[in-house]
Structure formats: C-alpha cells, structure tokens
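If you want the building blocks of each chain, they are given just below.
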Amino acid sequence: MTVATPLDATAPPPKRVGIVRSFLCDEGFRNATYKGQEGYEVQVRLTSYRSLPLSCVEGLTLKVDGQEVSAENITFIMNGYSHSISELPQLSSIWWFILDTATLFVAHEGGLSAGVHEVEGTLITVEPYITAGRFSFYNSAKKSLQLEQE
Amino acid sequence: MQTKHNIKRGVSLYSFQEETFLRKMSLEDCIAKASELGATGIQVVSEQSMPGFPHLSDAFYAQWHEWMEKYGCTPVCHDSFLDTKRHKGRNLTEEECVESVIRDLKHASKLGCSVMRILVSTSPELMEKCIPYAEEYNVKMGIEIHSPWHFDQPWIQRHIEVAERTGTKHFGLIPDMGIYTKRYPRVMKDRLIRNGATPAIAEYICEAYETRIFCEYVIFEVRSMGGNALDIAMAESLRHNIWSNPKRLLEYMPYIFHIHAKFYDMVDDETEYSIPYNEVIPYLIQGGYEGYLCSEYEGNRHIQDISEVDSVEQVRRHQAMMSKLLGEGQ
C-alpha cells in the first residue's frame, strides 16, 4: 500500500488513529543489558489478525536514527525465551500470540543517548494458510520514541 | 411471507478483533457483549481469541464452559485454519494436514462446538480422509463457501459430491454471506481512495461491479484509462467479490448447517451497505434452515486508518437487522 494522499490539497490530512495497531510499541524503549552485553530494547507486536508460528516471520528490520541495525545484533525475546533473527525460520512450533509483546534487544555499546530517537521497523509475515504462492505482508512503522529512564 | 422457523442468532468473536487487539475487550468481554446483544451462539477464531492456542490447558476449557453458562451462550463454530506453509521451505505433507484437522476437531469438541469451519482451499480428497475423525469427535466439518467461490463453482461441486457419495452427516457447507455482495463495499472504496486510487476511476469500478460487467473487462478498461497501481488493484479486487443468486440456497440446504453472516458496513439498524440480507434471509426461512447466523464484522480493516473502530455498535446493528428479518418478537 502506498502512503495516503489527501484528496483535497487544502484539506487537512486524515487523523490516523488506527496507527496504534503499529508494529512498534510506544512503551518500553530503553537502554538495557542482556547477557552481559550493553544495548537497548524496543518492544514490538505482531500485526497479523491471528497468531502465527515464528517460522512465518519472513523478515524483521530495524533502523534507529537512520542507521540500519544489523540482524546479528538483534535478539528476539518473547515469553522468557530468546532467539536470534536467523533462528526464526526454524521455529514452526512456537506461536506468537497476537497480544504478546516481544522485545528486540539490540546490542550497542554504551546504549543510546538520552532523549528522542527516530525508530523505524518493518515486520514481514507470511499467512501460512493462503494456498497460492507465498504471500508476504509488510508492516512498516516509524516513530519518534523517547528513551525511557532505566 | 413465511415466518415460522428455527434459525438462531450468533456472533463470531472475530467481529471484535479491533477491540481485542487494542486490549479494550478480553475474551470474556467479547462473550458477554455477544450475549448482551441478543446472540445465543458463539463462533471463534482460536488463534485470535485464545492465548496459547494450540496448547490450551484443561483449566482454559473449564473457564470457557463457565463463561458459556454465565452468559447463556452455546459454543457453535470453531473456525479452523490449515497452515500448509507453517514450515519454511516446504508444505505440510498430506499426513500432516490430516493431523492438523484432527488437532482442530479435538479442540472444537473440547470447546463444545458442533461445527468446524474448513477453509475453502482445502481439497475434497483431504476432507474425505478426515470424515471418520469428524464422526468420531462428533463435529461437523463445513467447507466455507467464501467469495469468490459459490455453490455452482466446480471446486465446490466436488466437495458436494463427497458429501453426497459418503452420505455422512459430518461434512457439508458453511456459506459466507460475502457471496451476496450486491454493491461494492463503500468502506473498501473509500480506503482505496485514501491510499491513492483515483476517485473517478473508483466510481467507474463500483458502477461496473453493480452492472455485473465481467471483472477481466473492467481490469482491462482501468488499464486503458491509465489507472494507477491502486486503481488497478481495486479493479482486480472484483475478482474476489461476487453477487450470487440467494435462491440457490434452497437446492443446497440439506448440506448447510452453519452460516457466516459476513458484513462490512451497517448503515443503520436495517441496512448493510453492500449485502442485502433482506433478499437472502427469506430463502433461509423458506428452505427450513435450522442453524445459526453468526455476525462476522470485517469492516474494521478498511476504516482503522481514519477512524476509531466501533465493532460493538456495528454488531449491535447487524443483530438488530437479523432479528427483524427473522420476524423475532412478532
């Protein structure tokens, strides 16, 4: 889907309240240490209308302040278990329930500086029941998030 | 008009998916609301409403049955899926497909559902293999006649042949009322325009749909007009929408034991913008249909970018409309 364009150039753009269904959560953006590593956390949600096995996450990308985060630096943490992004395709028995928030821990020496950061993320999922082809659904979100106090 | 019948009203909790996702309504809230709106039957998409599915505890099922009793509801239908692509790089084998159906039959049975929805894309051969299990767990498997499929479509005919030939009571049809989309849903049109479709071309596509011009001709015309990607996507969406003749329900009635009462946009307490329930329900009454009509609201995804979604009000209107068309309280 392309970005919405107002029909009448003089009219204000539509108020996009539905954005709360975004892949990126507003809360829980903070510096953290995980397994002795310094870094920060971003909270994310599944945007599909039904729960999916993690093997149906086709891609997950993150950009902070315009800088692409390398997938090797991201740990996906859900319900107390952690996985690397490259492990996800194998996890066809672990379900991501639509109301479960997952934490993306990003290894980053010294963490992020205090203040607001531009966070962008894309989640690509496959609906595993659709017969024809392997349809990918792209859910992109971009938010200015305030780094929370630890 | 014939008004004596045994048709019951239900709600698919799928209708409240927006409120569920936004944590405004819990599973119990959804059941309570359905009951409050006068529905007595509950249909559910388990991957959406039941945390932990497919691994649910006995305590969950006990709680489910407590809720059913508390709110005076009957569990009716579990909408099953068949995730043939859940493993990266390969499809499920036939054996794994049968296992998946059995898993869902057991779950439906534990929920107390007498019916299980089978996705329309599921093959007649697989269904035939699963019939003994449906009989064992006493859950009726119904192929969802979902737009753009319809009763006379060859793929559906093959399913009906299986039901006829085996003579089983545990395999049949679940029509989705989306097959009676008489007008192009305005919520879909408006969303496509907001996303960049050209208003005049969108208008042309709606008119072409209402005059039943073959969808491939409409797609060709829109390309010729120089339509943009969204215009072409909207024209192509006609391949997935259909108005079929509700009279055909009469012929297939022996195989129909559940109905997904799909809707997109209740204008008021009497009118769905694109699906004329007043032209369909009389045939259900005439044909002696005895199952549930479960409200299935699917308009949320077309308006969530621009407005607050009020699924509860939409379902309230839909239930009010069905109650009136069923002649309740007369």
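Preceding this paragraph is the structure being described.
This section reports on the structure supplied with the text. (Residues numbered from 1 in each chain as written. Chains lettered and ligands numbered in written order. Predicted model: local features only at pLDDT ≥ 70, side-chain atom pairs only at ≥ 80, totals over all residues. Heavy atoms only, no water.)

A look at the overall build of chain A
Our working definition: Under the scheme used here, helices are H or I runs from DSSP no shorter than 4 residues and strands are E runs no shorter than 2 residues, and both carry numbers assigned from the N terminus. Exposure categories follow from relative accessible area, calculated using a 1.4 Å probe and restricted to protein chains: below 20% of the type maximum is buried, above 50% is exposed, and the middle band is partly exposed. Residues count as neighbours in contact if any of their non-hydrogen atoms are within 4.5 Å of one another. Only the protein chains shown count as covering a residue, and every accessible area follows the Shrake-Rupley method with a 1.4 Å probe.
Along chain A, the regular secondary structure elements total zero helices and eleven strands. Reading the helices (α) and strands (β) of chain A from amino to carboxyl end gives β-β-β-β-β-β-β-β-β-β-β. Put simply, chain A has 150 residues, and 48% of those count as buried. Summarising the internal contacts of chain A: among those between residues at least 6 apart in sequence, 71% fall at separations of at least 24. Only carbon and sulfur atoms are counted for the fraction: they give 52% of the accessible area of chain A, which is about 7,800 Å².

So, the interface of chain B and chain A
Test applied: Here the quantity called buried area is the accessible surface, traced with a 1.4 Å probe, that two parts lose on coming together, added over both. Salt bridges are defined by distance alone: a side-chain nitrogen of Lys or Arg within 4 Å of a carboxyl oxygen of Asp or Glu.
Each partner contributes residues to the interface: chain B has 39 residues there, and chain A has 38 residues. In total, about 3,400 Å² of surface goes out of reach between chain B and chain A, with carbon and sulfur atoms giving 54% of it. It is F21, K85 and R86 of chain B that lose the most area in chain B upon contact with chain A, and together they represent 23% of the buried surface on that side. Linking chain B to chain A there are three salt bridges.

Observations concerning the packing of aromatic side chains
As a reminder of what qualifies: Side-chain rings of Phe, Tyr and Trp (the six-membered ring for Trp) are treated as a pair once their centres are within 6.5 Å; stacked means planes under 30 degrees apart, edge-to-face means over 60, and tilted covers the remaining angles. Counted as over-ring charges are cases with an Arg CZ or a Lys NZ within 6 Å of the ring centre that also lie within 35 degrees of the ring normal.
A full pass over the atoms with the stated rule returns eleven aromatic pairs over all chains. With 6.2 Å between their ring centres and 70° between their planes, Y180 of chain B and W243 of chain B make a pair best called edge-to-face. Here Y180 of chain B, found in the loop between strand 6 (171-175) and helix 8 (186-194), pairs with W243 of chain B, found in the loop between helix 11 (229-236) and helix 12 (248-252); they are 63 residues apart in sequence, far enough to count as distant. Given a relative accessible area of 23%, W243 of chain B falls into the partly exposed group. With a centroid separation of 6.2 Å and an interplanar angle of 75°, the aromatic rings of Y184 of chain B and Y209 of chain B are classed as edge-to-face. Of this pair, Y184 of chain B sits in the loop between strand 6 and helix 8 while Y209 of chain B sits in helix 9 (residues 199-210); the two residues are 25 residues apart in sequence, bridging distant segments of the chain. Of the two residues, Y184 of chain B and Y209 of chain B, both sit in the buried class. Positioned above the aromatic ring of Y273 of chain B is the side chain of R183 of chain B, whose terminal nitrogen or guanidinium carbon lies 3.9 Å from the ring centre. For R301 of chain B, the ring lying beneath its charged end belongs to Y49 of chain A, and the centroid distance is 5.9 Å.

Quick word on helix 10 (residues 215-224) of chain B
Residue and element names in this part refer to chain B. For the record, the criterion: Regarding the arc, it is the one traced by the directions from the helix axis to the C-beta atoms.
Of the positions making up helix 10, those classed as buried are C215, V218, I219 and V222. End-on, the buried residues of helix 10 take up no more than an arc of 100°, which puts them together on one face. The outward face of helix 10, more than 90 degrees from its buried face, is lined by the exposed residues Y217, F220 and S224. Looking at the residues trailing helix 10, positive phi occurs at G226, about 80°.

A closer look at the side chain of E41 of chain A
Looking at where E41 of chain A falls in the secondary structure, it is placed in strand 2 (residues 37-45). Residue classification places E41 of chain A among the buried residues on the basis of a relative accessible area of 16%.

Side note on the side chain of Q43 of chain B
Residue and element names in this part refer to chain B. Note that Q43 resides in strand 2 (residues 41-44). Under the relative-accessibility criterion, Q43 is labelled buried at 0%. Sequence-distant contacts of Q43, defined by excluding residues within four places in its chain, comprise V11, S12, L13, C77, D79, H258, I259, H260, C294 and E296.

What to know about the sheet that holds strand 3 (residues 74-79) of chain B
Residue and element names in this part refer to chain B. What counts is decided by this rule: Strands pair, by our definition, only if DSSP identifies at least two bridges between them. Between N-to-C directions, angles cover 0 to 180 degrees, with each direction set by a line fitted to C-alpha atoms, over the stretch in contact for helices.
A sheet is described by the order of its strands in space; here eight strands give the open sequence 6-5-4-3-2-1-8-7, paired in parallel fashion. Lying at the two open borders of the sheet, with one neighbouring strand each, are strand 6 and strand 7 (259-263). Averaged over all pairs of adjacent strands, the angle between strand axes in this sheet comes to 30°, irrespective of strand direction. Sheet topology note: the strand 5 (residues 140-145)/strand 6 ladder contains five bridges and is parallel. Across the sheet, M141 pairs through a bridge with F171, a residue of strand 6. Sitting on the sheet, helix 6 (residues 124-137) is in contact with strand 4 (115-118), strand 5 and strand 6, with an inclination near 140° to strand 5.

Overview of the nonpolar core
Worth spelling out the cut-off: Side-chain atoms within 4.5 Å are what join buried Ala, Val, Leu, Ile, Met, Phe, Trp, Tyr and Cys residues into a set we call a nonpolar core.
Residues I31, W64, M141 and L173 of chain B are the most contacted members of the largest nonpolar core, which totals 104 residues. Broken down by element, this core gets its largest block of residues, seven residues, from helix 5 (residues 94-111) of chain B. With residues near it in sequence (within four places) discarded, I31 of chain B still touches L13, I42, W64, W67, M68, Y71 and C73 of chain B. Among the nonpolar cores identified, the runner-up in size contains 34 residues, and L62, F97, A141 and L147 of chain A belong to it.

Focus: the sheet that holds strand 11 (residues 136-146) of chain A
All names here are of chain A. The four strands lie next to each other as 5-4-10-11, forming an open sheet whose pairing is antiparallel. Taken across any chain shown, the strands that pair with only one partner, and hence form the sheet edges, are strand 5 (67-68) and strand 11. Both strand 10 (residues 116-126) and strand 11 contribute to a ladder of eleven bridges, which runs antiparallel. Bridge assignment links H117 to a residue of strand 11, and that residue is L145.

Details of helix 6 of chain B
Residues and elements named next belong to chain B. The criterion, for reference: To estimate how far a helix should extend, the number of its residues minus one is multiplied by 1.5 Å. The bend reported for a residue corresponds to the angle between axes fitted to the seven residues ending at that residue and the seven starting there.
If you check helix 6, its first and last C-alpha atoms are 20 Å apart, about what 14 residues at 1.5 Å a residue would give, namely 20 Å. At C130, helix 6 shows its largest bend, some 40°, and a proline, P132, comes one to four positions later. Of all the positions in helix 6, only P124, L126, M127, C130, I131 and A134 are classed as buried. Where helix 6 is buried, its residues meet helix 5, strand 4, strand 5, helix 7 (154-166) and strand 6. Two residues or fewer after helix 6 comes N138, characterised by a positive phi angle close to 55°.

A few points about the pattern of salt bridges
This model, assessed by the stated rule, comprises 34 salt bridges over all chains. Measuring nitrogen to oxygen at the nearest pair gives 2.7 Å for the salt bridge that ties D26 of chain A to K143 of chain A. Taken together, the residues D26 of chain A in the segment before strand 1 (30-34) and K143 of chain A in strand 11 connect sequence positions 117 residues apart. Look at K143 of chain A and you get buried, because its relative accessible area is 13%. Of the charged contacts, one joins K33 of chain B and E36 of chain B as a salt bridge, the two residues approaching to 3.3 Å between their closest N and O atoms. Taken together, the residues span about one helical turn, with K33 of chain B and E36 of chain B both in helix 2 (residues 27-36) at a distance of three residues. Judged by its relative accessible area of 58%, E36 of chain B is exposed. Several salt bridges share partner residues, and in doing so they unite D176, K262, E296, E298 and R301 of chain B into one network.

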